[in-house]
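# Descriptive analysis of the structure
Take a look at the letters that make up each chain.
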2 protein chains.
Amino acid sequence: MASGFSALIHPVILCGGSGTRLWPASRESMPKQFTPLVNADSSTFQDTARRVADGTAFSRPTIITSSDARFIVAEQLLQAEVQADIVLEPERRDSAAAVAVAALHAARRDPEAVVLILAADHVIGDTAAFVDAARAAAVGAQAGRIMTLGIEPTAPSTAYGYIRKGASIDGVEGAYEVGRFVEKPNRHGAESLIADGALWNSGYFLFRADVMLAELETYAPEILAATRAALDGATTDLDFLRLDATAFASAPKTSIDYAVMERTDRAGVLPVSFPWSDVGTWDAVWDVLPRDALGNAVRGRVELVETRGSLVHSEGEHLTAVVGLDDVVVVSTPDAVLVTSKAKAGLVKELVTQLREKAHPEADAHRRMFRPWGWYQRIDIGERFQVKRIMVTPGGRLSLQKHFHRAEHWVVVRGTAEVTVDDRVVLVHENEAVYLPIGSMHRLTNPGKIPLELIEVQVGSYTGEDDIIRVEDIYGR
Amino acid sequence: MASGFSALIHPVILCGGSGTRLWPASRESMPKQFTPLVNADSSTFQDTARRVADGTAFSRPTIITSSDARFIVAEQLLQAEVQADIVLEPERRDSAAAVAVAALHAARRDPEAVVLILAADHVIGDTAAFVDAARAAAVGAQAGRIMTLGIEPTAPSTAYGYIRKGASIDGVEGAYEVGRFVEKPNRHGAESLIADGALWNSGYFLFRADVMLAELETYAPEILAATRAALDGATTDLDFLRLDATAFASAPKTSIDYAVMERTDRAGVLPVSFPWSDVGTWDAVWDVLPRDALGNAVRGRVELVETRGSLVHSEGEHLTAVVGLDDVVVVSTPDAVLVTSKAKAGLVKELVTQLREKAHPEADAHRRMFRPWGWYQRIDIGERFQVKRIMVTPGGRLSLQKHFHRAEHWVVVRGTAEVTVDDRVVLVHENEAVYLPIGSMHRLTNPGKIPLELIEVQVGSYTGEDDIIRVEDIYGR
């Protein structure tokens, strides 16, 4: 194709974001890049990982994510059948630190490795065109440029930053020097930029590891020093590489655009025209979804009457009906419902801030909470009881634990449980129950080959998550 | 007050409607008149019953309702501390048949009893003014008129029928003969009617029983014959008077307005000006609710951002958020969500029709299903299991029953259960469980003084409601 680049590109997927503007589907406990937002059976993170799975173009990818998301990342990679290194950031330090870690990590194997930085939450409509573009830009990266992919605008969007093109780059077909990075403009500014041939700033970067490290040394030496120490002090935890927390915390919190890209004279841009979206808000999600003749994008149990141009998602068993409204967004989840308009969807970020201020747990926690061993979901709660549905993956094992304020009844509804209660170990099969008295030491394991599902009825004066004493845990929690 | 009427008025509350335009709060299984729609702690039916509880003005009321709603009516009367006769219609035959039953039933005790027909689903802002108006109109009724209350319009509503006033009625202060009944007009028509002094047709009627029977004999003899036979053949069932089904089914299905009021020359109207609404649609509900400074009427766990003039109701544990929309209606219930605008709320009726056509159970059934012994609510469902929360009132007793396809685990979370399993009877206390194998004959009773609540986990190849063999039932089902 359009490539003189023959070595393998080293992809690094950044997926530390929390995506609050897509609440209630996206929350801190399960950010948008891990949810089946656009495709019903895969997340944008999985789509991104698969997009760089072509072994003739890419080497084994690296994932940089938060400690909280590590089990989700591992589970989703397993589902997507993609093998990767997983690097854990002890806290969020924005993209400059993450890119520095990516460059340092790649340089350990090959200082001249060409690194491709990818966001985990973008939608790209044409993988072949994307791979061709990456390989074409890699030529510039190999020659010492820090290349970006610049998306040919399809509308005067005010949601994206822009890149003005400079002079052509000799020897890199179709590429330009970066004239200037432009912050998100207003509508009029966007129109002028497009008239001048400016491109959307996609946030994809390609660079040689040693080149990025040199630029960091010049423009952001504190970030480089902090991340180098964080990587030197990193520990291996199960399958994860965990950066040293103290060192990493000392990295200034800033974007790679600000730290390097706007300062370096090595910035280049390759204009590309594949379909692309950062699906940053619900109106952008609507924009990339298939729609019916009336312009509605629906999922789940949805009924519409005289409704046009709307996004209506209904999760689980819920029935969601919209009557006589146009251009609205309705997202119904098992514990929270959002109703907004496409025009005002950007305000959802403020809603989440408001929910946090009022300490609503739904601001950050999903009803279904994913754990390394599977998930649990509250299905009912009363004054002195709580009911949960618990799923344990084959081989999954909860921590050895006890509670001071509640007894638990477990009824197995699928699969087989191995239950430890004090010094007894019993197998509990489908349609069997077991009782765990207050104060008993207990543990739940799925010894079988199919998922284990059980209904847990907690009874007691207090049923909060924090009434738990963990004695032993195979996941190191 | 404005009354020369000194005898007691006999109130008859009609509550056979299903109120589909207020879906999902109102459904066939629990119509709007029984839900806490306007007041958080009482239904409009209860408010109506209390409105005629003044023993100096009213005699013991009669309730005419459907067989399906009988236990709800009994339970709500108990809660409201109102004693009444309850007459059950075997099927819906519209208001003419119900009014005929009311007249016949009252005439058995006193042929000249003055009957007041009330709807169960109206909101009246001033009980004293209502009672005064009823007593003033009763003077006309006693004199042989069939009186209606005509509401002074506060807006050119197209949702109500109108009454044009005729000549003053001698001897009934403030009352007029009915000039003409006018069907729901368009906006322009409504404005003209109001300019001409027309009144809203409230659907409240006052008449002497013998006068109404005479008019029915003249204008609707088939209805009178059918309802008389239905009452003659009525049976007493627990505390209910159950009309004979075959006889009642032969009554033509028509409204009292059409059958009598538009034909009789005895129709009179008393103009009244107390705050009144039939809360027929969600915009009408918004209209009668207290609202905040931005014009929002909210209930439950609701968060709003840049939202004005909206009705947002969130039932149960759900969090419902509206962002950047004005004049919308959002009603979130445990199994269904409605999003519409105040302007288009009338279309909800069509939505329910659509839901029925597609056989969605949420069209007519609530998540929480009320039974004579209490209620049950599904809280989770999977491929081979279902979980319910069950509440049994003190003294409540479910039927003796068995299932062919499911076993059941019951965990008591509040109160004490008396459980019969085949030939055993056991008491099950809070935090205890009992297992009911497939095919076992079982029965659940609350022998205690506080409500019994339990979590039922059903496991089996089929968990539908119709897998039940009832052997014995104290409620005659």
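Model, not experiment: these values are computed from the prediction. (Residues numbered from 1 in each chain as written. Chains lettered and ligands numbered in written order. Predicted model: local features only at pLDDT ≥ 70, side-chain atom pairs only at ≥ 80, totals over all residues. Heavy atoms only, no water.)

### Focus: the relation of the copies chain B and chain A
Turning chain B through 180 degrees and shifting it by 0.0 Å along the axis lays it on chain A, with an RMSD of 0.1 Å. Here the transformation between the copies is reduced to the relation of a two-fold axis. Distance from the rotation axis, computed per C-alpha, reaches its smallest value in chain B at Ile379 of chain B: 3.0 Å. Both copies present the same face, since 100% of the interface residues in chain B are matched by interface residues at the equivalent positions in chain A. (Least-squares fit on C-alpha atoms with pLDDT ≥ 70 in both. Contact = heavy atoms within 4.5 Å.)

### Details of a nonpolar patch on the surface
All names here are of chain A. Together, Phe404, Ile469 and Val471 make up a nonpolar patch on the protein surface, roughly 270 Å² of accessible area in all. Tracing the backbone shows Val471 in strand β30 (residues 469-472). A relative accessible area of 47% places Val471 in the partly exposed class. (Patch = residues over 30% accessible without salt bridge, like charges linked within 9 Å, V, L, I, M, F, W, Y side chains within 5 Å. Areas by Shrake-Rupley, 256 points an atom, 1.4 Å probe, with all protein chains shown as cover. Salt bridge = Lys/Arg side-chain N within 4 Å of Asp/Glu carboxyl O. Helix = DSSP H or I, 4+ residues; strand = E, 2+ residues; numbered from the N terminus. Buried < 20%, exposed > 50% of the residue type's maximum accessible area, 1.4 Å probe, protein only.)

### Some points on the pattern of salt bridges
Residues and elements named next belong to chain A. The tally for this structure, following the rule as stated, stands at 60 salt bridges over all chains. The partner of Arg208 in a salt bridge is Asp210, and the shortest N-O contact between them spans 2.9 Å. One network of salt bridges, in which partners are shared, links Glu28, Arg92, Arg356 and Asp364.

### Description of the packing of aromatic side chains
Residue and element names in this part refer to chain A. Within this structure, the stated rule accounts for 16 aromatic pairs over all chains. Between Phe71 and Tyr475, the aromatic rings sit 5.9 Å apart at their centres with planes inclined by 75 degrees, giving edge-to-face as the arrangement. Placement of the pair is Phe71 in helix α2 (residues 70-80) and Tyr475 in the segment after β30, with a sequence separation of 404 residues. Each member of the pair Phe71 and Tyr475 is classed as buried. (Phe/Tyr/Trp six-rings, centres within 6.5 Å; stacked < 30°, edge-to-face > 60°.)

### Describing the interface of chain B and chain A
Contacts between the two partners involve 59 residues from chain B and, on the opposite side, 59 residues from chain A. Interface of chain B and chain A: buried area, both sides summed, is about 4900 Å²; carbon and sulfur atoms make up 59% of it. Linking chain B with chain A are 12 salt bridges, by the criterion used here. Here Arg389 of chain A and Asp380 of chain B are joined by a salt bridge, their closest N and O atoms 3.0 Å apart. Along the contact surface separating chain B from chain A lie 34 residue pairs in polar contact (both at pLDDT 80 or more). With six residues, the single largest contributor to the side of chain B that touches chain A is strand β19 (residues 336-341) of chain B. Of the residues in the side of chain B that touches chain A, the class split is 33 nonpolar, 12 polar and 14 charged. Here strand β19 (residues 336-341) of chain A pairs with strand β17 (residues 319-323) of chain B via five bridges, running parallel. (Buried area = accessible area lost by both parts, 1.4 Å probe. Polar contact = N/O pair within 3.5 Å; in protein donor to acceptor, adjacent residues only side chain to side chain. Nonpolar A, V, L, I, M, F, W, Y, C, P; charged D, E, K, R; others polar. Pairing = 2+ DSSP bridges.)

### Comments concerning the nonpolar core
Core analysis: the biggest nonpolar cluster contains 74 residues, and Leu116, Phe130, Leu149, Leu206 and Leu444 of chain B have the highest contact counts within it. When residues in this core are grouped by element, the largest group, nine residues, is from helix α4 (residues 127-142) of chain B. When residues of this core are sorted by domain, at least three fall in each of domain 1 (9-277) and domain 3 (368-472) of chain B. Leave out the neighbours within four places in its chain, and Leu116 of chain B touches Ile9, His10, Pro11, Val12, Val52, Phe58, Phe130, Ala134, Tyr204, Phe205 and Leu206 of chain B. Counting residues in each nonpolar core, the second largest holds 73 residues, with Ala57, Ile72, Phe130 and Tyr475 of chain A among its members. (Core = buried A, V, L, I, M, F, W, Y, C linked by side-chain atoms within 4.5 Å. Domains from an automatic or database assignment.)

### Quick look at the sheet that holds strand β21 (residues 374-381) of chain B
Residue and element names in this part refer to chain B. Pairing is antiparallel in the open sheet, where six strands are placed in the order β20-β21-β22-β29-β24-β27. Looking along the sheet, the strands with just one partner apiece sit at the ends: β20 (368-371) and β27 (433-436). Between one strand axis and the next, the sheet turns through 20 degrees on average, direction left out of account. (Axes fitted to C-alpha atoms, helices over the stretch in contact; angles between N-to-C directions.)

### Some remarks on the pairing of strand β3 (residues 85-89) of chain A
All names here are of chain A. With four of its five residues buried, β3 lies for the most part within the structure. Bridge count for strand β2 (residues 62-66) against β3 is five bridges, and the pairing is parallel. Of the residues in β3, the one forming a bridge with Ile63 is Ile86. With respect to chirality, the unit in which β2 leads through α2 into the neighbouring parallel β3 is right-handed. In the sheet, β3 pairs with strand β11 (residues 240-242) via three bridges, with the strands oriented parallel. What sits directly across from Leu88, in β11, is Arg242. (Right-handed = clockwise from strand over helix to strand, strands pointing away.)

### A word on the sheet that holds strand β22 (residues 385-392) of chain A
All names here are of chain A. Within the open sheet, the six strands sit side by side as β20-β21-β22-β29-β24-β27. Their pairing is antiparallel. Each having just a single partner strand, β20 (368-371) and β27 (433-436) make up the two edges of the open sheet. The average angle at which neighbouring strand axes cross in this sheet is 20 degrees, direction not considered. Relative to β22, strand β21 (residues 374-381) runs antiparallel, the two sharing seven bridges. Directly across from Trp375, in β22, lies its bridge partner Met391.

### Considerations on the side chain of His10 of chain B
Residue and element names in this part refer to chain B. Here His10 shows up in strand β1 (residues 9-14). At 3.1 Å, the side chain of His10 and the side chain of Ser59 are in polar contact. Those residues in contact with His10 that lie beyond four places of it in its chain are Ser59, Arg60, Thr62, Ala106, Arg109, Val114, Val115 and Leu116.

### Here's the deal with the UniProt feature "domain: MannoseP isomerase/GMP-like beta-helix" (unreviewed entry) in chain A
As recorded in UniProt, the feature "domain: MannoseP isomerase/GMP-like beta-helix" (unreviewed entry) lies at residues 301-355 of chain A. Strand forms 44% of residues 301-355 of chain A and helix 15%; the C-alpha atoms that close the span are 27 Å apart. (UniProt positions renumbered as here; feature names shortened; annotations may be inferred.)

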